[in-house]
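Letter by letter, the chains look like this.
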Amino acid sequence: MAKVDSGIQYPWTKEQMAAWLAASVVYKSSAKVGEETYHFAFKKPEWPIMKRVSSLVNQKDNVTAGEVLLENCWLAGHDQIKADPALYLGACLAAVNAIADNMPTFETKLVKS
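Just so it is clear, the model here is predicted, and its values are computed rather than measured.

Colleague: Describe the overall build of the protein chain, and please don't skip the residues or the numbers.
Modeller: Scanning the protein chain for helices and strands turns up 5 helices and 5 strands. For the C-alpha atoms alone, the extent of the protein chain along its principal axes is close to 60 × 30 × 25 Å. Sorting the 113 residues of the protein chain into buried and exposed places 33% on the buried side. Sequence-distant contacts, at least 24 apart, represent 51% of the contacts inside the protein chain between residues at least 6 apart. Across the protein chain, the centroid of the 12 positively charged side chains sits 9 Å from that of the 12 negatively charged ones.

Next up, the structure:
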């Protein structure tokens, strides 16, 4: 287990994170359960994955959307997240929310001639 920031135990090294950031946008998330804190990181999805996730979110299936994100974009994380159904559910929903919260917003207006 690598210590990256201020003594926090992350399941990746500074070097790994730097390499991921050089290649893509990276999201990291954590959950505190009792005395334990679990972390995971995933990369920004490519278009085919983003399209699938968007379709699932529009169908109100955020859990499956999160599964698609994590199956295709997972970089690293505590093994317990994938092993524990409650942690995995939380991670799926956190991943979907992270993508949704960072989507650009477009303003569209009708232009008449």
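There is more to say, and it comes next.
Colleague: Got a sec to walk through the environment of Lys 43? Specific residues and values, please.
Modeller: Mapped onto the secondary structure, Lys 43 falls in strand S4 (residues 36-43). Taking C-alpha positions, Lys 43 is 16 Å from Glu 15, a pair spaced 28 residues apart along the chain. Those residues in contact with Lys 43 that sit more than four places away from it in its chain are Ser 24, Val 25, Val 26, Tyr 27, Asn 72, Cys 73 and Leu 75.

Colleague: I'd like a description of unusual backbone geometry, backed by residues and values.
Modeller: Positioned with a positive phi, Lys 60 is a non-glycine residue whose angle comes to about 65 degrees. You can see Lys 60 is positioned in the loop between helix H2 (47-58) and helix H3 (62-73). Take Lys 60: its relative accessible area is 72%, and that puts it in the exposed class.

Colleague: Please provide a residue-by-residue account of the pattern of salt bridges, values included.
Modeller: In the structure shown here, the tally under the stated rule is 1 salt bridge. Across the salt bridge formed by Glu 107 and Lys 109, the nearest N and O atoms sit 3.3 Å from each other.

Colleague: Any chance you could break down a nonpolar patch on the surface for me, citing the residues and the numbers?
Modeller: Nonpolar side chains collect at one region of the surface, where Val 63, Leu 89 and Leu 93 lie side by side and expose about 200 Å² of accessible area between them. According to the relative accessible area criterion, Val 63 is partly exposed, its value standing at 35%.

Basis of the calculations
- Residues numbered from 1 in each chain as written.
- Predicted model: local features only at pLDDT ≥ 70, side-chain atom pairs only at ≥ 80, totals over all residues.
- Heavy atoms only, no water.
- Helix = DSSP H or I, 4+ residues; strand = E, 2+ residues; numbered from the N terminus.
- Buried < 20%, exposed > 50% of the residue type's maximum accessible area, 1.4 Å probe, protein only.
- Contact = heavy atoms within 4.5 Å.
- Lys, Arg positive; Asp, Glu negative; His and termini not counted.
- Charge placed at Lys NZ, Arg CZ, Asp CG, Glu CD.
- Salt bridge = Lys/Arg side-chain N within 4 Å of Asp/Glu carboxyl O.
- Patch = residues over 30% accessible without salt bridge, like charges linked within 9 Å, V, L, I, M, F, W, Y side chains within 5 Å.
- Areas by Shrake-Rupley, 256 points an atom, 1.4 Å probe, with all protein chains shown as cover.

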